[in-house]
Amino acid sequence: MQISMTVNGEEVTRDIEPRVLLVHFIREVLGLTGTHWGCDTSNCGTCVVLMDGQPVKSCTVLAVMAAGHEIRTVEGLASGGALDPVQQGFIEEHGLQCGFCTPGMMLTARALLDRNPHPDDGEIRQAISGQICRCTGYATIVRSIQWAASHPAAGEPADGQQPAGAAAESTEVTT
Ligand code: FES
Ligand code: FES
């Protein structure tokens, strides 16, 4: 059947079987292989993408269920060549090693910061509790997300405290 959805701001239309999972649609039909597939039981969270801004495990969504919705994958996190603060935070605080969990982890972090710009460590750990990392032990991931919270991009909500023009320099500041 033919389905259409918006992926990283672009409308895509494809003919697929109804049983195709969204994770496979994204990886194999669209060729966006940043979204990973790490289990068969909906536990690991490495397949997380944003659907209408909400994190969803794309291994547990049929592609047809995403028809008409807005999907954002890790490839859509950077804008205009500038890394999202979450991506920069994972660099600054060494929030990744093998990198397999990282796309899903960063998208969940993005969704968290969009609804709660200043989460505490407990709120961060709860937000990423649906996602498994085999490498880092999580502490550096929590610090990476805290780094992003304290370096919001231009135009990003920060409880109304976002100083105009602060973002361009923000990626160069280390804390
Ligand atoms: S691939 Fe493990 S939760 Fe989706
Ligand atoms: S960095 Fe390897 S699984 Fe998280």
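Scroll up for the structure.
Fair warning: this is a prediction, and the values are worked out from it, not measured in the lab.

Reading the values: rules and limits
Per chain, residues are indexed from 1 in the order of the written sequence. Whichever chain is written first becomes A and whichever ligand is written first becomes 1, with later ones labelled in order. The model is predicted, so local features are restricted to residues of pLDDT at least 70 and side-chain atom pairs to those at 80 or more, both for listing and for counting; the totals for chains, interfaces and linings are taken over all residues. Based on all heavy atoms of the structure, the side-chain values leave hydrogens and waters out of the count. Residues enter a nonpolar core if they are buried and are Ala, Val, Leu, Ile, Met, Phe, Trp, Tyr or Cys, with the set joined through side-chain atoms within 4.5 Å. Each residue's exposure class comes from its accessible area (1.4 Å probe, protein chains only) as a fraction of the maximum for that residue type: buried when under 20%, exposed when over 50%, partly exposed otherwise. Note on conventions: DSSP H or I runs of at least 4 residues are helices, E runs of at least 2 residues are strands, and numbering of each starts at the N terminus. Segment limits for the domains were obtained from an automatic or database-derived domain assignment. What makes two residues a contact is simply this: any of their non-hydrogen atoms within 4.5 Å. Axis definition: a line fitted to C-alpha atoms, over the contacting stretch in the case of helices. Angles run 0 to 180 degrees between N-to-C directions. These descriptions rest on fixed angle ranges, namely under 35 degrees for roughly parallel, over 145 for roughly antiparallel, 65 to 115 for roughly perpendicular, and the rest for oblique. By convention, the crossing between two helices is left-handed when the near helix turns anticlockwise from the far helix through less than a right angle, and right-handed when the turn is clockwise.

**A few points about the nonpolar core**
- In terms of nonpolar packing, the biggest core is built from 22 residues, with Val 86, Phe 90, Met 105, Ile 141 and Ile 145 touching the most fellow members.
- At the level of secondary structure, the elements contributing two or more residues to this core comprise strand S3 (48-51), helix H2 (85-92), helix H3 (102-115) and helix H5 (139-149).
- With 7 residues, the top contributor of residues to this core is H3.
- Two domains each donate at least three residues to this core, and these are domain 1 (2-76) and domain 2 (85-150).
- Residues in contact with Ile 141, not counting those within four places in the same chain, are Phe 90, Gly 95, Met 105, Ile 128, Cys 133 and Thr 136.

**With respect to the packing of H2 against H5**
- At a minimum axis distance of 7 Å, the contact between H2 and H5 shows a crossing angle of 135°. In terms of axis orientation, H2 runs oblique to H5. Of the two possible hands of crossing, H2 and H5 adopt the one that is right-handed. Two secondary-structure elements touch here, H2 through Pro 85, Val 86, Gln 88, Gly 89, Phe 90 and Glu 92 and H5 through Ile 141, Ser 144, Ile 145, Trp 147 and Ala 148.

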